[in-house]
Amino acid sequence: MSSDNRNGYDGSNDLDEYYEEIASQEEIYLEEAEEEVRAILIFEDTAPSEIGACILPLDEDRQNLDLASEKASDEAKDNTE
């Protein structure tokens with residue numbers, strides 16, 4: 001039996017406090033990591049749709065452009081004949 005145990009001190013409180021501190025630090029780290037991942041996912045979710053809307057025409061717009069192109073091509077053929 002150690003001298004600490006004879007005095008009524010078993011040391012388990014220090015170990016429990018140590019584990020609690022480690023768990024607390026881990027929880028803080030995980031919460032921060034989760035916030036960073038969430039921010040990245042939110043950015044990736046909103047950014048492409050906003051960029052895509054500005055750069056790429058919608059399907060309906062593409063169809064309208066194709067029809068206009070065909071019409072212009074047909075008119076050009078008619079004018080050359």
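Please read all numbers here as calculations on a predicted model, not as lab measurements.

### Things to note about the overall build of the chain
Here comes step 1: Each helix and strand counted, the chain has 3 helices and 0 strands in total.
Here comes step 2: Listing each helix as α and each strand as β along the chain from the N terminus yields α-α-α.
Here comes step 3: By the burial criterion, 1% of the 81 residues in the chain qualify as buried.
Here comes step 4: For the chain, the computed accessible surface area is about 7,600 Å², with 52% contributed by carbon and sulfur atoms.

### Quick notes on a nonpolar patch on the surface
Here comes step 1: A cluster of nonpolar residues, Leu-15, Tyr-18, Tyr-19 and Ile-22, forms a patch on the protein surface that exposes about 420 Å² of accessible area.
Here comes step 2: Tracing the backbone through its elements, the reader meets Tyr-18 in helix H2 (residues 12–55).
Here comes step 3: Classification of Tyr-18 as partly exposed rests on a relative accessible area of 49%.

### Considering the confidence of the model for the chain
Here comes step 1: Taken as a whole, the chain shows an average pLDDT of 75; of its residues, 63% reach a score of 70 or greater.
Here comes step 2: Within the chain, the element-level pLDDT minimum falls on helix H1 (residues 3–6), averaging 54, and the maximum on H2, averaging 83.

### Focus on the pattern of salt bridges
Here comes step 1: This model, assessed by the stated rule, comprises 1 salt bridge.
Here comes step 2: Of the charged contacts, one joins Arg-38 and Glu-34 as a salt bridge, the two residues approaching to 3.1 Å between their closest N and O atoms. Here Glu-34 and Arg-38 lie together in helix H2, a separation of 4 residues that amounts to about one turn.

### A word on a negative patch on the surface
Here comes step 1: A cluster of like negative charges, contributed by Glu-26, Glu-27, Glu-31, Glu-32, Glu-35 and Glu-36, occupies part of the molecular surface.
Here comes step 2: Assignment of secondary structure puts Glu-32 in helix H2.
Here comes step 3: Residue Glu-32 is classed as partly exposed on the basis of its relative accessible area of 44%.

Reading the values: rules and limits
- The written sequence of each chain sets the order in which its residues are numbered from 1.
- Only residues with pLDDT of at least 70 are given local features in this predicted model, and only at 80 or more are side-chain atom pairs given and counted; all residues enter the totals for whole chains, interfaces and linings.
- No hydrogens and no water enter the side-chain calculation; it runs on all heavy atoms of the structure.
- Helix and strand labels come from DSSP, where a helix needs a run of H or I of at least four residues and a strand needs a run of E of at least two; each type is numbered from the N terminus.
- Summary of the burial criterion: residues with accessible area below 20% of their type's maximum are buried, those above 50% are exposed, and those between are partly exposed, where the area comes from a 1.4 Å probe applied to protein chains only.
- Surface exposure here means Shrake-Rupley accessible area, sampled with a 1.4 Å probe, where a residue is shielded only by the protein chains that are shown.
- What goes into a patch is any residue over 30% in relative accessible area without a salt bridge, connected to like charges within 9 Å or, for nonpolar side chains (Val, Leu, Ile, Met, Phe, Trp, Tyr), within 5 Å.
- The working definition used for a salt bridge is a side-chain nitrogen of Lys or Arg within 4 Å of a carboxyl oxygen of Asp or Glu.
- One number per residue, pLDDT, summarises how confident the predictor is, and it ranges from 0 to 100.
- His is not counted, nor are the chain ends, whereas Lys and Arg count as positive and Asp and Glu as negative.
- Here the site of a charge means atom NZ of a Lys, CZ of an Arg, CG of an Asp or CD of a Glu.

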